[in-house]
Amino acid sequence: MRSEERRELYGAWAERWPSDAAELLDGYSGAWWIGGSWAIDVATGRRREHGDLDIVIPRSELSLLRGWLGGKWQLWSTFQGALKPLLPHDSDVLPIGTTSIWLRHSAYGQWEYEVLLDPSDSESWRFRRDTAVTMPLEDALVTVDGIRFAKPQIVLAYAAAEHADVAWLDEALPSLDADARAWLAERLADDHPWRARLT
């Protein structure tokens, strides 16, 4: 679903920056990092407008995050194109297919953060599309200005199914070394249009 279609259905998103996420989670004891296009921009040095900010946490730490946020935020689980409120008394058992949680203060305000639920833990990164693919979490992340971001090959591995246009890869390609390119190529189908640029 394109961002403008999503906005028409679910409402607008506030402009948020990684520094806003760092302020929101200042003192939080769980693991978190920034994914999505913000992570690509950090790797490439670009600055551009973003439709939202993706905070990534281990799915196993959802309860910890909910406790940290307290009653100050509304949490909505997203699954199969639908939204469902995650009320304070609800358990952490989410609808099948839930991959993220949206945060806002109330129905009168904009959405502010999308929290992606990852199969990783505080020590090991696991690829959501194939959890047999792992690496030490610190090898999957890079720290810039005190904020951890997913490395570009991680973001591209998730985005490959949606962004088959080679032009999208071209933005990040200069930031990938030979090992990162080889790792990403292994995550792609044999007929994926990006493979020719990576090998």
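The structure this text deals with has already been given above.
No experiment lies behind these values; they were computed from the predicted model shown.

Calculation rules
- Residues numbered from 1 in each chain as written.
- Predicted model: local features only at pLDDT ≥ 70, side-chain atom pairs only at ≥ 80, totals over all residues.
- Heavy atoms only, no water.
- Helix = DSSP H or I, 4+ residues; strand = E, 2+ residues; numbered from the N terminus.
- Rg over C-alpha atoms; globule rule 2.2 N^0.38 Å.
- Buried < 20%, exposed > 50% of the residue type's maximum accessible area, 1.4 Å probe, protein only.
- Areas by Shrake-Rupley, 256 points an atom, 1.4 Å probe, with all protein chains shown as cover.
- Lys, Arg positive; Asp, Glu negative; His and termini not counted.
- Charge placed at Lys NZ, Arg CZ, Asp CG, Glu CD.
- Phe/Tyr/Trp six-rings, centres within 6.5 Å; stacked < 30°, edge-to-face > 60°.
- Lys NZ or Arg CZ within 6 Å of the ring centre and 35° of its normal.
- Core = buried A, V, L, I, M, F, W, Y, C linked by side-chain atoms within 4.5 Å.
- Pairing = 2+ DSSP bridges.
- Axes fitted to C-alpha atoms, helices over the stretch in contact; angles between N-to-C directions.
- Parallel < 35°, antiparallel > 145°, perpendicular 65-115°, else oblique.
- Left-handed = near helix turned anticlockwise from the far one by under 90°.
- Contact = heavy atoms within 4.5 Å.
- Nonpolar A, V, L, I, M, F, W, Y, C, P; charged D, E, K, R; others polar.

Peer 1: Go over the overall build of the protein chain with me, naming the residues and quoting the values.
Peer 2: Tallying secondary structure elements over the protein chain gives nine helices and 10 strands in all. Here the protein chain has a C-alpha radius of gyration of 17 Å; the compact-globule value for 199 residues is 16 Å, and the two agree. For the protein chain, the spread of C-alpha atoms along the three principal axes comes to 50 × 35 × 35 Å. Looking at the 199 residues of the protein chain, the share that counts as buried comes to 43%. For the protein chain, the exposed surface amounts to about 10600 Å²; the carbon and sulfur share of it is 49%. Each charge class in the protein chain was averaged separately, 21 positive and 32 negative side chains, and the resulting centres sit 2 Å apart.

Peer 1: Before we move on, could you go through the packing of aromatic side chains and cite the residues and values that matter?
Peer 2: In the structure shown here, the tally under the stated rule is 11 aromatic pairs. Note on tryptophan 73 and tyrosine 113: the rings are 5.8 Å apart at their centroids and 65 degrees apart in plane angle, and the pair reads as edge-to-face. In this pair, tryptophan 73 is assigned in the loop between α4 (62–69) and β3 (74–79) and tyrosine 113 in strand β6 (residues 113–118), connecting sequence segments 40 residues apart. Given the relative accessible area of 12%, tryptophan 73 is considered buried. According to the relative accessible area criterion, tyrosine 113 is buried, its value standing at 4%. Every member of this aromatic cluster is reached through a ring pair, and the members are Trp13, Trp76, Trp102 and Trp111. Arginine 187 extends its terminal NZ or CZ atom over the ring of tryptophan 183, reaching a point 4.8 Å from the ring centre.

Peer 1: An account of the nonpolar core is requested, with residue identities and associated values reported.
Peer 2: Counting residues in each nonpolar core, the largest one holds 57 residues, and the members touching the most others are Ile55 and Trp125. In terms of residues, this core owes the most to one element, helix α6 (residues 152–159), which gives six residues.

Peer 1: So, unusual backbone geometry: which residues are in play, and what are the values?
Peer 2: Positioned with a positive phi, glutamine 80 is a non-glycine residue whose angle comes to about 50 degrees. Looking at where glutamine 80 falls in the secondary structure, it is placed in the loop between β3 and β4 (82–86). Note on glutamine 80: relative accessible area 70%, which makes it exposed. Despite not being glycine, aspartate 145 shows a phi value in the positive range, around 55 degrees. Here aspartate 145 shows up in the loop between β9 (141–144) and β10 (147–150).

Peer 1: Explain the pairing of strand β5 (residues 100–104) to me, using residue names and the numbers behind them.
Peer 2: Of all five residues that make up β5, five are buried, and the element is covered over most of its length. Where burial is concerned, the two faces of β5 agree: the one with Ser100, Trp102 and Arg104 and the one with Ile101 and Leu103 are both buried. Bridge analysis of β3 against β5 gives five bridges, and the strand direction is antiparallel. Looking at the pairing, serine 77 lines up with isoleucine 101 of β5. Where β5 meets β6, four bridges bridge the pair, whose relative direction is antiparallel. Residue leucine 103 lies in a different strand from β6, and its bridge partner there is tyrosine 113.

Peer 1: Explain the packing of helix α3 (residues 36–44) against α6 to me, using residue names and the numbers behind them.
Peer 2: It is at 9 Å that the axes of α3 and α6 come closest, and there the two elements cross at 140 degrees. Judged by the angle between their axes, α3 and α6 are oblique. Remark: the crossing between α3 and α6 carries left-handed chirality. Between α3 and α6, the contacting residues are Gly36, Ala39, Ile40 and Ala43 on the first element and Pro152, Val155 and Leu156 on the second. Residue classes in the contact of α3 with α6 are distributed as six nonpolar, one polar and no charged.

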